[in-house]
Amino acid sequence: MFLVVSIVVKGSVDKMKVDKSKRDKLKSDKSEIDESKLVVSDIVIRPVDLDSQIELEQIVDLQVEGWNLGEEDILTPELLKICGNNGLVVGAFANDDAISNSDNPFLVGYALGFFSNNSGLVNSVNDFIEFGGNVPAHIDKEFAVYAQRCDRDVFYSHMVATRKSLRGKGIGALLKSFQRDECASLGMGVIEWTYDPLISRNGKLNLNKLGAKVPAPKNYVRDYYGEISGDYKGLPTDRFIVTWDTSKKNQPPSSSKTSFDKYVSDGAKVISSTSARLLTLSPEFLGQPEQKNKSPQSGLVYCRELKEFDLDQTADTILFEVPLNFNESDFIAADASLDSPVRLDWRTKSRAVFETYLERGYQVVDLVLKKHETQLDPFNGNGLRPFYVMQKS
């Protein structure tokens with residue numbers, strides 16, 4: 001079945017706008033919690049209550065915090081309800097023992113998506129059209145892409161985010177696992193989602209921890225969302241589409257414990273060469289309240305530049321380096337002032353690598369971390385350098 005859908009809806013734009021005064025009030029009533037002491041055992045994963053304005057508004061806030069989205073790209077509470085009615089909107093909440101002085105739930109992460117089979121997709125489209133207003137570009141694009149796949153029972157996981165202070169605690173994996181269990185119970189064998197190949201922490205989660213794969217040339221898409229606000233302003237939104245088998249519960253990928261050195265000793269070839277670079281942060285950026293005690297006191301931020309890459313390698317396994325901090329606020333701020341932005345250079349060159357090798361039958365199967373031979377800078381993530389693993393299928 002093939003269906004072309006593109007939503008460009010006009011109507012009551014006011015209905016689509018985020019009610020900032022309401023959000024500010026909810027923030028002032030927010031639960032008191034020491035996020036730095038929160039552990040996985042404090043987290044409860046459950047469907048978001050679509051009738052709870054408090055829970056929906058907290059997802060709106062997390063879209064801003066997690067993705068730095070502008071108002072035009074935010075899914076409002078009304079649009080979140082549509083997603084929930086035709087898919088799943090799941091929240092990670094701090095349990096009652098971790099919260100003080102409030103009866104309100106405290107959201108620390110969320111995941112949302114929709115069913116791309118015919119009924120789920122068409123119902124979602126119809127509901128969005130009936131609602132009116134301007135649909136965010138990333139949702140419009142999602143519907144257009146998955147309209148071409150709506151003859152399959154696939155769940156499309158559109159967006160996941162956790163609070164920045166809680167990244168690395170396993171909350172994203174818990175949310176994904178909940179989605180997997182729900183989809184498996186409904187007989188859906190595959191979950192798909194997109195992520196930026198240059199955000200290495202997401203690659204580590206998706207490929208190494210969850211065992212998803214990037215299996216075919218069609219699973220690398222140039223400028224998937226078009227131009228969006230926030231951290232991607234002026235940057236092509238290229239994406240991997242990963243596939244995840246819901247039947248493989250609690251089965252980590254066979255490569256998940258394979259190290260960089262082990263891949264190399266087994267014959268893998270490194271196809272990239274990078275060099276270190278220090279970028280300068282502006283006084284205005286360093287003076288922002290949220291940056292105090294976070295950015296390097298030197299006013300410099302470490303990054304790596306891609307110098308050379310090999311498009312002619314034929315080894316069964318190849319390793320390609322990507323940035324450690326591509327989407328970190330200090331790197332973004334320092335890079336924005338350059339005449340030749342490092343992030344755009346990474347996007348252009350990595351696109352050539354991924355498209356070339358996927359077209360030749362390689363799959364992206366893992367992401368491993370290599371330690372620097374020497375510590376070049378105290379702000380470079382303890383010397384870690386991420387490498388994608390691509391193998392011939």
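What counts as what
Residues numbered from 1 in each chain as written. Predicted model: local features only at pLDDT ≥ 70, side-chain atom pairs only at ≥ 80, totals over all residues. Heavy atoms only, no water. Helix = DSSP H or I, 4+ residues; strand = E, 2+ residues; numbered from the N terminus. Expected span 1.5 Å × (residues − 1). Buried < 20%, exposed > 50% of the residue type's maximum accessible area, 1.4 Å probe, protein only. pLDDT = per-residue confidence, 0-100. Contact = heavy atoms within 4.5 Å. Axes fitted to C-alpha atoms, helices over the stretch in contact; angles between N-to-C directions. Parallel < 35°, antiparallel > 145°, perpendicular 65-115°, else oblique. Pairing = 2+ DSSP bridges. Core = buried A, V, L, I, M, F, W, Y, C linked by side-chain atoms within 4.5 Å. Phe/Tyr/Trp six-rings, centres within 6.5 Å; stacked < 30°, edge-to-face > 60°. Salt bridge = Lys/Arg side-chain N within 4 Å of Asp/Glu carboxyl O.

### Regarding helix α7 (residues 171-185)
Part 1 of the reasoning: Between its first and last C-alpha atoms α7 spans 21 Å; for 15 residues at 1.5 Å apiece the expected length is 21 Å, and the two agree.
Part 2 of the reasoning: Listing the buried residues of α7 in full gives I171, G172, A173, L175, K176, S177, F178, Q179, R180 and C183.
Part 3 of the reasoning: One or two positions beyond α7, positive phi appears at G187, with a value near 85 degrees.

### Focus on the confidence of the model for the chain
Part 1 of the reasoning: Per-residue confidence for the chain gives a mean pLDDT of 79, with 72% of residues at or over 70.
Part 2 of the reasoning: The low-confidence segment residues 1-18 (pLDDT under 50) makes 48 contacts with residues lying over four places distant or belonging to another chain.
Part 3 of the reasoning: Predicted confidence for residues 25-31 stays below pLDDT 50, and this span has 13 contacts to residues more than four positions away or in other chains.

### Some points on the packing of helix α3 (residues 53-67) against helix α4 (residues 77-85)
Part 1 of the reasoning: Running from N to C, α3 and α4 point in directions that differ by 105 degrees, and their axes come no closer than 9 Å. Regarding the angle of α3 to α4, the classification is roughly perpendicular. In contact with Q53, L56, E57, I59, V60 and Q63 of α3, α4 contributes P77, L80 and K81.

### Quick word on the sheet that holds strand β2 (residues 87-94)
In a beta sheet, neighbouring strands are held together by backbone hydrogen bonds and run either parallel or antiparallel to one another.
Part 1 of the reasoning: Reading across the sheet, the seven strands line up as β1-β2-β3-β4-β5-β7-β6 and stay open at both edges, with mixed pairing between neighbours. Of all strands in the sheet, those bounded by a partner on one side alone are β1 (43-47) and β6 (220-221).
Part 2 of the reasoning: Taken together, the two bridges between β6 and strand β7 (residues 239-245) define a ladder with antiparallel strand orientation. Directly across from Y220, in β7, lies its bridge partner F240.
Part 3 of the reasoning: Lying over the sheet, α4 contacts β2 and β3 (106-115), oriented at roughly 115 degrees with respect to β2.

### A few points about the nonpolar core
Part 1 of the reasoning: Counting residues in each nonpolar core, the largest one holds 66 residues, and the members touching the most others are V108, F240, F320, F354, V364, Y388 and M390.
Part 2 of the reasoning: Counting 20 residues, the second-largest nonpolar core is a separate cluster that includes L107, Y110, M159 and A161.

### A closer look at the packing of aromatic side chains
Part 1 of the reasoning: One pass over the structure, following the stated rule, counts 12 aromatic pairs.
Part 2 of the reasoning: Consider the rings of Y195 and F240, whose centres lie 5.7 Å apart with planes at 70 degrees: the pair is edge-to-face. In this pair, Y195 sits in strand β5 (residues 190-195) while F240 sits in strand β7, placing the two residues 45 residues apart along the sequence.
Part 3 of the reasoning: By relative accessible area, which is 4% here, Y195 ends up buried.

### Digging into the side chain of T162
Part 1 of the reasoning: Among the structural elements, T162 can be located in strand β4 (residues 154-162).
Part 2 of the reasoning: With a relative accessible area of 12%, T162 lands in the buried category.
Part 3 of the reasoning: Sequence-distant contacts of T162, that is, excluding residues within four places in its chain, are made with L62, V108, G109, R167, I171 and G172.

### Some remarks on unusual backbone geometry
Part 1 of the reasoning: Phi angles above zero are rare outside glycine, and D223 is one such case at about 45 degrees.
Part 2 of the reasoning: Positionally, D223 belongs in the loop between β6 and β7.

### A few points about the environment of K204
Part 1 of the reasoning: As for its placement among the helices and strands, K204 is situated in helix α8 (residues 200-209).
Part 2 of the reasoning: Note: C-alpha distance between K204 and Y388 (184 residues apart in sequence) is 9.1 Å.
Part 3 of the reasoning: With near-sequence residues (within four places) excluded, K204 lies in contact with K209, L367, V368 and L369.

### Some remarks on the pattern of salt bridges
Two side chains carrying opposite charge are able to pair once their charged atoms lie near each other.
Part 1 of the reasoning: Considering all chains together, one arrives at 16 salt bridges under this definition.
Part 2 of the reasoning: A salt bridge links K392 to D316; the nearest nitrogen and oxygen atoms lie 4.0 Å apart. Here D316 lies in the loop between β10 (300-309) and β11 (317-321) and K392 lies in strand β13 (residues 384-392), a separation of 76 residues in the sequence.
Part 3 of the reasoning: Accessibility expressed as a relative area gives 41% for K392, which makes it partly exposed.
Part 4 of the reasoning: Take D316: its relative accessible area is 55%, and that puts it in the exposed class.

### Describing the sheet that holds strand β8 (residues 269-270)
Part 1 of the reasoning: If you trace the four strands from one edge of the open sheet to the other, you get β8-β11-β13-β12, paired in mixed fashion. Looking at which strands have only one partner, the edges of the open sheet turn out to be β8 and β12 (362-371).
Part 2 of the reasoning: Both β8 and β11 contribute to a ladder of two bridges, which runs parallel. Across the sheet, residue V270 finds its bridge partner in β11, namely L319.
Part 3 of the reasoning: Where α8 meets the sheet, its contacts fall on β12 and β13, and the angle it forms with β12 comes to roughly 120 degrees.
Part 4 of the reasoning: Across the sheet, helix α12 (residues 342-359) is in contact with β11, β12 and β13; its angle to β11 comes to roughly 170 degrees.

### Here we look at α3
Part 1 of the reasoning: The end-to-end C-alpha separation of α3 is 21 Å, in line with the 21 Å expected for 15 residues at 1.5 Å each.
Part 2 of the reasoning: Listing the buried residues of α3 in full gives E55, L56, E57, Q58, I59, V60, D61, L62, Q63 and G66.
Part 3 of the reasoning: Two residues or fewer past α3, N68 is found with a positive phi of approximately 55 degrees.

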